[in-house]
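# Coordinate inspection notes
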Amino acid sequence: MTTRACPRCATAMPVDDRFVTWCDACDWNVDPVEPELPPGRVEALRHRLSQHHGERLYAEAQAGSGGEDPEWSRWDPAGVAAQAIALLVHGVTLALAVGGILLIVQGSVVPLLLGVILLAVAFVLRPRFPGLPDDLPVLRRAQAPSLFHLIDGVAEAVGTRGVDAVVVEADANAGVRPYGFARRRRALFLGLGLWEVLTPQQRVALLGHELGHYAHRDTRRGFLVRTALDCLLAWRYFLAPIANPNIAERLANWLMAVGRYPVHGLLALLDHLTLRASQRAEYRADDLAAHAGSAAAAVGLMDRLLITDTVEDRLRRESVRARSRSGRSGTGREAGQELWAALAEHVASVPEREYERRRRAGALRGHGVDSTHPPTHLRRQRLAAASQHPAAVLLGEERDEAVAAELADARARVARLVLRG
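Calculation criteria
- Residues numbered from 1 in each chain as written.
- Predicted model: local features only at pLDDT ≥ 70, side-chain atom pairs only at ≥ 80, totals over all residues.
- Heavy atoms only, no water.
- UniProt positions renumbered as here; feature names shortened; annotations may be inferred.
- Pairing = 2+ DSSP bridges.
- Helix = DSSP H or I, 4+ residues; strand = E, 2+ residues; numbered from the N terminus.
- Contact = heavy atoms within 4.5 Å.
- Axes fitted to C-alpha atoms, helices over the stretch in contact; angles between N-to-C directions.
- Expected span 1.5 Å × (residues − 1).
- Buried < 20%, exposed > 50% of the residue type's maximum accessible area, 1.4 Å probe, protein only.
- Salt bridge = Lys/Arg side-chain N within 4 Å of Asp/Glu carboxyl O.

An unreviewed UniProt entry annotates the protein chain as M48 family metallopeptidase originating from Streptomyces triculaminicus. What the UniProt record of the protein chain gives under Subcellular location (unreviewed entry) is the line "Cell membrane".

## Remarks on the sheet that holds strand 6 (residues 185-191)
Taken together, the four strands give an open sheet; going across it, the order is 3-4-6-5, and neighbouring strands pair in mixed fashion. Strand pairing shows two members of the sheet lacking a second neighbour, strand 3 (138-139) and strand 5 (174-179), which therefore form its edges. Note that strand 4 (residues 165-169) and strand 6 share five bridges and pair parallel. Looking at the pairing, valine 167 lines up with phenylalanine 189 of strand 6. Contacts from helix 6 (residues 200-212) reach strand 5 and strand 6 within the one sheet, and its direction differs from that of strand 5 by about 35°.

## Things to note about helix 2 (residues 77-106)
Here helix 2 contains 30 residues, and its C-alpha end-to-end distance of 43 Å stays within 8% of the 44 Å for a straight helix at 1.5 Å per residue. Three or more residues of helix 2 are buried, namely Gly79, Ala82, Gln83, Ile85, Ala86, Val89, His90, Thr93 and Gly100. Backbone geometry just downstream of helix 2 places glycine 107 in the positive-phi region, at approximately 95°.

## Structural notes on the environment of methionine 256
Tracing the backbone through its elements, the reader meets methionine 256 in helix 8 (residues 247-293). On a C-alpha basis, the gap between methionine 256 and alanine 240 in space is 7.8 Å, while along the polypeptide they are 16 residues apart. Methionine 256 has contacts with Phe238, Leu239, Ala240 and Ile242, leaving out every residue within four places of it along the chain.

## What about the pattern of salt bridges?
The tally for this structure, following the rule as stated, stands at 22 salt bridges. Between arginine 353 and aspartate 24 there is a salt bridge, and its shortest N-O distance comes to 3.4 Å. You can see arginine 353 sitting in helix 12 (residues 352-365) and its partner aspartate 24 sitting in the loop between strand 2 (12-15) and helix 1 (40-63), a full 329 residues away along the chain. Look at arginine 353 and you get partly exposed, because its relative accessible area is 22%. Since its relative accessible area comes to 40%, aspartate 24 is described here as partly exposed. Note that arginine 203 is salt-bridged to aspartate 400, the shortest N-O span being 2.9 Å. Of this pair, arginine 203 sits in helix 6 while aspartate 400 sits in helix 14 (residues 397-420), placing them 197 residues apart in sequence.

## Brief notes about the environment of phenylalanine 189
Along the chain, phenylalanine 189 turns up in strand 6. Taking the relative accessible area as the measure of exposure, phenylalanine 189 reaches 9% and is therefore buried. Distance in space between the C-alpha atoms of phenylalanine 189 and glycine 175 is 5.3 Å, their sequence separation being 14 residues. Look past the residues within four positions of phenylalanine 189 in its chain and what remains in contact with it is Pro133, Val167, Glu169, Asn173, Ala174, Gly175 and Arg177.

Listed below in structure tokens is the structure:
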């Protein structure tokens, strides 16, 4: 490997043309790309609050004794206030519906028209109960018994129940989300861009983290607050000002501003009240990831999260390359095997030095997956300092191969979606 002298301190730096050249002695060029600032003052404030809460919770957790820390309790004043605001939001929607019905039953023309309008508005702003996507592979228990057995084992280890469906997608991400009426069922959204680049125990840690959000109460993921946030986002969308308005549209913008600013205020307040609880829940979920898959596996998972941008970039490149070729490199399962194997090989080639650079850059930026997550470097520090203990769930080679076989058709289908762009 070639080296060059650091322009700041003259220390010899390894040079790898695939990655950024930087100095581990003085941190020269450790973060060469100017970080993108969050758009708008509200998002910028949210980013600062996210860092503040994450750092404060980390300090409190590190300083905590063996007893229960009140900051990590299930209920706090902010959580109670968030529930109250959520009830207010749903109460407004209910009031619109009831008011519309009362006006309609009066029978005269004007109240009838107003009632229909109120009912239409209430219908548009109602809480949503999303279903499963119809454009992605969805696996049920009968189709993937080994995968569901693994999920059930991790769920039992972290103190919750498993999922009812697994949705396979290409993203370098994963998550458990409710679906169906009243959101009583759960689906695991399994991003192959992340799953395929993890070791077996890191996969267990990933499942432990995502299922861990349901093991302890997470205010933001609760039915009442989650649907209220969805409603407020819908309200904000419909009350957004019309761009380049004419005279009539300018008047409409003025009228909509009457509701727009209260909606913005409620959304910001509800977001602020639940932000700290959301970050607290992330730390808890990290602990459960370490319990399920081992602390070392959870630390490795944190490192993989630092390079998800390279994973997504690689998938985009493969998509462009496939569309630019005149022929097809493979069909069916062969296409999936080639794509995901190439992705795993690419990630395996990332040297430890690049992970270290990204860890240092993340600490400088306060990097987080998003504003609901604490800074990644703090999450990793907690896990690295955690007591080492045997993993509650072991994913051996035989079980891992069985799960891979059950995912084969879904992997091929998602690969075709990626390659077709």
